[in-house]
Each structure stands twice: as C-alpha cells, then as structure tokens.
Amino acid sequence: MAIPTPSSTGWWPMLRLGSALAVLAALTACTPKYAMPAPDGFVRFEDKKGLAYITADGVQVRSRSVRNYPKADLAFWADAMERHLVARGYLLHAKKCFKTSRGADGCTAEFVLPHSGEDWVLAETLFVHGDHIAVVETAGPFDRYKKVAASVAKAMESFEVLP
Amino acid sequence: MKIVVLSASLVAAALLVCTAQAQEAQPAGAAAAKAARPGASKIGPDRPTGDQKAVDGDAQPAKAVENVPKPAIERATSLTATLVVKVVHPEEVRKAAIERAKAAGGWPTLVTEGELHLKVPHEALAATVDQLAAAGIVLQKSLQRVDLTEQIAQMQARLKSKREILERLRTFFADSDTQSTLRIEQSMTQLVIEIECLQGELHVADASAKMAVVQASFQYHQRQRISYVRSPFEWLNSLDIDRFLADF
C-alpha cells in the first residue's frame, strides 16, 4: 500500500496557500485603518492604501502606520523624530501639539528642506495609539504648502483611528 | 642764495608729504611747524614751568590732567545684516521693504527674484530687519559689525597734513624763480591728486559708517544640504522626502 505524499495528493500546496492567506488576513486585521476628511482644496485617491490626498498643484498628504516599538508615548516619538530630521539637515520651523475632536493627542512638526532646486516642506503628524503610530505626512514646495497648511491642520483635528 | 633756500624748502616739503601719516601722531619738523603756526609760541609761555609750579603750589599736575573728563569717542562702524527668510509672496515683501527703506532715507542696491540688498541709515536697520523677518520665517540671521573709527581717523589725519603742506607750498611762490615755481607746482599737483584720492576714500568710509547694508535672501536651498543619518529607531529612517514622493 502506497503512502500518500503531500505532492501526490495535492493537499500540501493547498495547506501552504491557506496558511499564507491566514497570515495575510491576520496582518490586514492588525493594520489600523484611519479616517480623516479631505482638507479644503485636496482630492482623495480612493484606491490607495491608507489616506492619500493631493491638491491641483501637487501638495500631497499620506498616512501610514508604523509599529510603536520600543513602546513609547507621543512626546517621546515627537522628540525623536525632530532630533533625527534636524540631524539630517532638515530645518524645523514649526511644531504644534493638539487634540483631535475625538480627544486623541497629535503632534505636527514642519520641516524645511532643499529639494529639486526649491525649498520644500515636509510636515509630519504623529498619533500614538497602542502598538501603532499613525504617521500623516504632508509635502510640497514651500509657497504651495503654506497656502493649504491651515486646511491640512484643520483636517488633522478630525483624524481618527477606525475600530 | 634764494634758490638754495627755496630748494631746501621744497625738499623739506617733499619729506613732509612722504611722512604725512606719521606727522599726525608726532608732526615731523615740529619745531619749524610750530614756529610757522601763528600763536604757536604762546603754548610755551602759557604752560607752567617747574619753577612756576612751585610758585603756584601745583604739586601734582599730572593728576589734575587725569581728572579732566575725556570726551566720549564716537565709534564709526559699518553694519551688515544678512538674513534668509522664507515668505509666501516674495515680490510683495520686496516691494514693502524697498518702500520702507526709501521712507527711512535708504535705497535698494540689488533686486532680484531671490535676493534683496538695501542700504539704510543705521537707525533704520533694526526696523528694516524686523519688517523682513515678520513677513515670513527666518531661517538664518546674522549681523556683521566692522569698526571704522581708526581707519577714518587715520585718513582724516593724512588729509589734514596734506592740506597743511599744500598751504605751506603756496607761500613759497612769492619768492621763487621760474625753475623753483615749476618744481613747487609739480609738488602741489602731486599733493592735490593725493588729497582727492584720500577725500574719496574718506567719503566711502563715512558712507559705510552712516548707511547699513541689509542682504535678504528668499531662498534656503543654497545654504544647506541633506545628509543621511541612521536612527536607532527603524521607522524614523523611513522619514524622507524622496521615499514619501516615491511611495505616493
């Protein structure tokens, strides 16, 4: 009597595929989802993962999630981020911490940097929630960014982590 | 005999021209100069001699001199303020800054898309810099101060000496023959050239001491470069403008 092997029966590839799907599903389930209204003057990319907005003249807003590891609070990460980017040569010219309408704490730091022969702004907004940090990044040439900075800041106050 | 005397005078004058700068500190040929100056001889008799001091009972003249308050020295300085400021509308800020500088008695010396250089009176410097700074975000600011007091004092002394020599040379014309007159004229021409040069330099230094320079740049990218620094926190290494734009 022949002993069935995984390759002869075909159940082994099915098992591997199933496992991969399970891991993927678990990962997807762990990735937090965010919501934020489109700032004035921005349109949303519906098909992109996470939040993604853009103005007609190219100022971009994008959210992503990173692991809160080693686990620390918002003040720690805001400080670490500022030090790191300043050490790289970015110029910090504004920072502001605020509470969202849902009571979450957030901190925004705006950095000026040279990019493609122009002065650009890279604004990083952090929200720490449990094991994750929501990073909302805004970037654009300085003069174009300044025109929409207030509307982006207002939209940040409505940022929320979806259950 | 006259020719010999005139020649000697010309040689002395030439020497005085060469040592004009040193003359201010310790005038060369002081005795002769003093003798030539009207009222110079009065200085000696007016000063109390050692015997007179004893008679007057002035035992410590040096201390008495020290007690006289010295006039405060007014420093002549040139000021240059440099700032890099980011503004949303550079053309509006530029226009407002030029108008303000003109109202304060200044003027623009360089106006380009990214640069603005202004000359303003010293007293208007702070207000001009503050106005530019308030219009945007100041990325860099510096103030350079150069003391011109000594330079101006030296030039003024040299000018004074040369003018005195010129006046003295004029007095030689009365008793000179043709040959000597020509030599005097030659010396005077040279002196006039030197005096004009010095006056020009003095005007430039005076203007620098009165008008401050403001150099405003509306660009930051020329000043700094981004370098790669690794953070021990892995996700911080992903904060980067190029990565952001590539991932969008």
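Scroll up to find the structure.
Thresholds applied
- Residues numbered from 1 in each chain as written.
- Chains lettered and ligands numbered in written order.
- Predicted model: local features only at pLDDT ≥ 70, side-chain atom pairs only at ≥ 80, totals over all residues.
- Heavy atoms only, no water.
- Contact = heavy atoms within 4.5 Å.
- Buried area = accessible area lost by both parts, 1.4 Å probe.
- Salt bridge = Lys/Arg side-chain N within 4 Å of Asp/Glu carboxyl O.
- Axes fitted to C-alpha atoms, helices over the stretch in contact; angles between N-to-C directions.
- Helix = DSSP H or I, 4+ residues; strand = E, 2+ residues; numbered from the N terminus.
- Parallel < 35°, antiparallel > 145°, perpendicular 65-115°, else oblique.
- Left-handed = near helix turned anticlockwise from the far one by under 90°.
- Pairing = 2+ DSSP bridges.
- Buried < 20%, exposed > 50% of the residue type's maximum accessible area, 1.4 Å probe, protein only.
- Disulfide = S-S within 2.5 Å.

A. Broad picture of the interface of chain B and chain A. Counting residues at the interface gives 31 residues for chain B, matched by 42 residues for chain A. Interface area for chain B against chain A, summed over the two sides, is near 3200 Å², with a carbon-plus-sulfur share of 70%. Applying the counting rule to chain B against chain A returns three salt bridges. Its salt-bridge partner being Lys86 of chain B, residue Asp119 of chain A comes within 2.8 Å of it at the nearest N-O pair.

B. Broad picture of the packing of helix α7 (residues 90-103) of chain B against helix α8 (residues 122-134) of chain B. Residues and elements named next belong to chain B. Where α7 contacts α8, the two axes come as close as 10 Å, and the packing angle between them is 165°. Classed by the angle they form, the pair α7 and α8 counts as roughly antiparallel. α8 is crossed by α7, and the crossing has right-handed handedness. Here Val93, Ala96, Ala97 and Arg100 of α7 lie close against α8, whose contacting residues are Ala127, Thr128, Gln131 and Leu132.

C. Representation of the sheet that holds strand β7 (residues 118-129) of chain A in the model. Residues and elements named next belong to chain A. An order of β2-β3-β4-β8-β7-β6-β5 is seen for the seven strands of this open sheet, with the pairing classed as antiparallel. The open sheet is flanked by β2 (42-44) and β5 (91-99), the only strands paired with a single partner. Shown here is a sheet whose adjacent strand axes are inclined to one another by a mean of 25°, direction ignored. Sheet strands touched by helix α4 (residues 142-156): β2, β3 (52-55), β4 (60-67), β5, β6 (105-115), β7 and β8 (132-141). Its angle to β8, the strand with the most contacts, is close to 150°.

D. Broad picture of the pairing of strand β5 (residues 211-217) of chain B. Residue and element names in this part refer to chain B. Among the seven residues of β5, six are classified as buried, and the element is accordingly described as predominantly covered. In this structure, strand β1 (residues 77-86) lies alongside β5, joined through five bridges in parallel fashion. Counterpart to Ala81 in the pairing with β5 is Val214. Pairing analysis gives seven bridges linking strand β3 (residues 115-121) to β5, with the strands arranged antiparallel. By the bridge assignment for β5, Leu118 is matched with Val214.

E. Local environment of the side chain of Thr77 of chain B. Residue placement: Thr77 of chain B occurs in strand β1. Here Thr77 of chain B is in contact with His122, Arg145, Val146, Asp147, Leu148, Ser208 and Ala209 of chain B, once residues within four sequence places are set aside.

F. Structural context of the state of the cysteines. Residues and elements named next belong to chain A. Taken as a whole and judged by the stated rule, the model has one disulfide over all chains. There is a disulfide in this structure between Cys97 and Cys107, and the S-S distance comes to 1.9 Å. Since a negative S-S torsion denotes a left-handed disulfide, the Cys97-Cys107 link at about 100° is right-handed. Taken together, the residues Cys97 in strand β5 and Cys107 in strand β6 connect sequence positions ten residues apart.

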